[in-house]
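Single-letter residue listing:
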Amino acid sequence: MTDRPRFCIFGDSHYACLKQAEMRGLVDVSGIELEYWGHVGGRFRHLEVREGAIWPTDDFTAMRFAKFNEKGRTFLPAADFDVILVVGARVYIWRLFLRALTLLSAGPMVSEGLLRRILTDDLRRHLGYRLARGLAESGTARILLAPTAYYTEGETPLLPSIPPEVAALIPDRVPGFWRVLEEAAAEDGVTLLRQPEETVARGMFSALEYAVDGHHEKQDFEHHNAAFGAAVLSRVLPIVRGVVRPGAAGGGLAAPPGHRQDDREREA
Amino acid sequence: MSHPYDSLPEDRFWRTAVAGRDALEIAGLWKPRHQIGRRTGIVTAGSCFAQHFARALAARRYRWLDFEPGPAGLTPEQRKDYHYGTFSFRTGNIYTPRMLRQWLTWALTDTPVPGEVWEKDGRFYDPFRPGVEPGGFVSAEELYASRKETLAAIAAAVRGANVFVFTLGLTEAWQDKATGVEYAVCPGTVAGRFDAEAHGFVNHGFGALMADMTAALRLMVRANRRLVMLLTVSPVPLTATASGQHVLAATSHSKSLLRAVASEMVAAHRRVDYFPSYEIITHPAYRGRFFAPNLRSVLPEGVDHVMAQFFRDQAAAFGGAEVGPPPVPAALEAAPEPEMTEPEMPEPEMTEAEELRCEEEILAAFAPDQRHD
């Protein structure tokens, strides 16, 4: 039993930088019961959400997700936490933005209503978003979503997709796109987190100083470093600390009836 | 003594052509004037039933032309909701010959569209196609810009088509009393505000219908001398009537006039033809079998039967193999989970190198001693 807020960071490899931020002492997580539950994005297609929990659909995936979880969880029940931060999870907001910007720059005309519909439908079609929404529907934990960050700025394979006429639209349009998606996520009970402003360069890229070491040699423009993780967590931890727990009852591994952390119930 | 009836084929006699047959065996209703083949460029417009025509042609890989396909990558649901691909341009339903004439006038001449817009809850609706933008446009300027694209599409459609298929739907409409401009629906129903001083009901008579249909044809032929027109009459009864009559009687009145207009247009213009989908769906010979229980909606099997007659009669007139029904879709997999009813966003496959980078990042954070170098 605990009075401390129970916080889980659930994600694909993009959650690693948050762990790095914690390990390097860049953020203060004292007073918080923190767990991580994640694995590489390719395994996310082997997850499903039902009855308020994320379930791997096979044993291998379950073991991979359990590997670096402090309690060896083979599934993730929302009811065991006060706040779950879904990180990355193959939710590529920037791809939605790029598509929208390309449509706007190319013609034919796209009305604001249709643009909103395209953005929200595309968001809701992401598997990772559906997992977040499924957790939110349980009503037992607050669900935050920090989508996969923008590509690191510089000479990247992404650049040919952003010709000048598309880039010109970024400053005016991207903030509005975020608002549309925040509203849609809120309807679904998910708090969508924008990429922290200080980490953004040129409106739709991540600043160089947040790239992983040797990003260019590794051709890794997607992952980010501990400082980035700290920037995200600095937005999230106040939310976690603001959770008011209803006393010590039902803390720790308390699971919904019928779902125990150490039993893996599988439906046929 | 012989007489003209002696030498008529059996499809000219009720007993042999209709009463003595199973309804589904009634054939040869249409003697097409113009060949419509797979390479014929076909444009469709009109009332609800015309949508079925477009879909049926496209499904059988006929050259149905869409001059306003909308932004790339729209899902079928988005296209349907925003009326892309319903007709060959994004006008929504065009119910009367007057409405058709109006659209063609605005698209093919210098006559400007009236600036009137309808408002509702801070959003803006086009009085001439209020249903095409769910929730309305964000501004009048956006509405005008969108309409401009539709007008360009209409002009391109008329100029680019071989056959213009128009389904006549209604004789009843609402107009601006001062200008005579006709609205798609009664003001105040979808948006806007009804004003009894400004808005008037009209139930077009035969003369007006013929004049508008003739004018519409003239506009089109002026833009495309090779264009032919295929008329149909929608079999769908009126949802409601403002004529003061019982809706069943009002429906009969409207459809009778429209059917007569179609026949007169055929008689007067070599380039106009009529396809009897109306008869196939509504005639008592078919005993209402093609209507849904609401007695308004046409069942898919009705559409299929209509199109089967279309292609059979084309083949009978011009030779060539009959076109069969469209291919049946492959059996669907088990129904998705209730929370995943929309198709998933296709994700690019991760390369091996990308997977390795992801693993490395996780190991670096969670198990730095286990990293591979």
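Conventions used here
Residues numbered from 1 in each chain as written. Chains lettered and ligands numbered in written order. Predicted model: local features only at pLDDT ≥ 70, side-chain atom pairs only at ≥ 80, totals over all residues. Heavy atoms only, no water. Axes fitted to C-alpha atoms, helices over the stretch in contact; angles between N-to-C directions. Helix = DSSP H or I, 4+ residues; strand = E, 2+ residues; numbered from the N terminus. Parallel < 35°, antiparallel > 145°, perpendicular 65-115°, else oblique. Contact = heavy atoms within 4.5 Å. Nonpolar A, V, L, I, M, F, W, Y, C, P; charged D, E, K, R; others polar. Pairing = 2+ DSSP bridges. pLDDT = per-residue confidence, 0-100. Salt bridge = Lys/Arg side-chain N within 4 Å of Asp/Glu carboxyl O. Buried < 20%, exposed > 50% of the residue type's maximum accessible area, 1.4 Å probe, protein only. Patch = residues over 30% accessible without salt bridge, like charges linked within 9 Å, V, L, I, M, F, W, Y side chains within 5 Å. Areas by Shrake-Rupley, 256 points an atom, 1.4 Å probe, with all protein chains shown as cover. Right-handed = clockwise from strand over helix to strand, strands pointing away. Left-handed = near helix turned anticlockwise from the far one by under 90°.

Caption draft 1: How the structure looks around the packing of helix H4 (residues 112-125) of chain A against helix H5 (residues 127-137) of chain A. Residue and element names in this part refer to chain A. Here H4 crosses H5 at 80 degrees, and the two axes come no closer than 5 Å. With respect to their mutual orientation, H4 and H5 come out roughly perpendicular. Where H4 approaches H5, its residues Leu-123, Arg-124 and Arg-125 are matched on the opposing element by Leu-127, Tyr-129, Arg-130 and Arg-133. Of the residues in the contact of H4 with H5, the class split is three nonpolar, no polar and four charged.

Caption draft 2: Structural view of the sheet that holds strand E7 (residues 199-203) of chain B. Residues and elements named next belong to chain B. Judged by pairing direction, the sheet is antiparallel, and its three strands sit side by side in the order E6-E5-E7 without closing on themselves. In this open sheet, the two strands that pair with only one neighbour each are strand E6 (182-183) and E7. Alignment of strand E5 (residues 172-176) against E7, held across five bridges, turns out to be antiparallel. Pairing of Asp-176 across the sheet is with His-199, part of E7.

Caption draft 3: Structural context of the confidence of the model for chain B. Of the residues in chain B, 93% have a pLDDT of 70 or more, and the chain-wide mean is 91. Taken as a whole, residues 330-340 of chain B scores under 50 in pLDDT and shows six contacts with residues more than four places along the chain or in a different chain.

Caption draft 4: Geometry of the pattern of salt bridges. Under the defined criterion, the tally for this structure stands at 30 salt bridges over all chains. Here Glu35(A) ties to Arg73(A) by a salt bridge, and the two come within 2.6 Å at their closest N and O atoms. Residue Glu35(A) is found in strand E2 (residues 33-38), and its partner Arg73(A) is found in the loop between helix H2 (59-67) and strand E5 (76-77); the two are separated by 38 residues along the sequence. Each member of the pair, Glu35(A) together with Arg73(A), is buried. The partner of Arg98(B) in a salt bridge is Asp212(B), with the nearest N and O atoms 2.8 Å apart. Pair noted here: Arg98(B) is in helix H4 (residues 97-108) and Asp212(B) is in helix H6 (residues 206-223), with a separation of 114 residues, a long-range link. Through salt bridges with shared partners, a single ionic network connects Glu33(A), Glu35(A), Lys71(A), Arg73(A) and Asp80(A).

Caption draft 5: The arrangement of a nonpolar patch on the surface in detail. Residue and element names in this part refer to chain B. Taken together, the side chains of Tyr-5, Leu-8 and Phe-13 make up a nonpolar region of the molecular surface, amounting to roughly 280 Å² of accessible area. Topologically, Tyr-5 is positioned in the segment before helix H1 (14-19). Tyr-5 sits in the exposed class, given a relative accessible area of 53%.

Caption draft 6: Highlighting the pairing of strand E8 (residues 228-233) of chain B. Residues and elements named next belong to chain B. Most of E8 sits inside the fold, with six of its six residues counted as buried. Along E8, one buried face is formed by Val-228, Leu-230 and Thr-232 and the opposite face, lined by Met-229, Leu-231 and Val-233, is buried too. The pairing of strand E4 (residues 163-168) with E8 spans six bridges and is classified as parallel. Bridging from a neighbouring strand, Leu-168 pairs with Val-233 of E8. Where E8 meets strand E9 (residues 272-274), three bridges bridge the pair, whose relative direction is parallel. Bridge pairing in E9 links Leu-231 to Tyr-274. Since E8 and E9 lie parallel, the crossover through helix H7 (residues 247-268) that links them has a hand, and here it is right-handed.

Caption draft 7: Representation of the packing of H4(B) against H6(B) within the structure. All names here are of chain B. At a minimum axis distance of 8 Å, the contact between H4 and H6 shows a crossing angle of 30 degrees. Relative to H6, H4 is oriented roughly parallel. Of the two elements, H4 crosses H6, and the hand of that crossing is left-handed. Mapping the contact onto sequence places Pro-97, Arg-98, Leu-100, Arg-101, Leu-104, Thr-105 and Leu-108 in H4 and Leu-209, Ala-211, Asp-212, Met-213, Ala-215, Ala-216, Leu-219, Met-220 and Ala-223 in H6. When grouped by side-chain class, the residues that make up the contact of H4 with H6 number twelve nonpolar, one polar and three charged.

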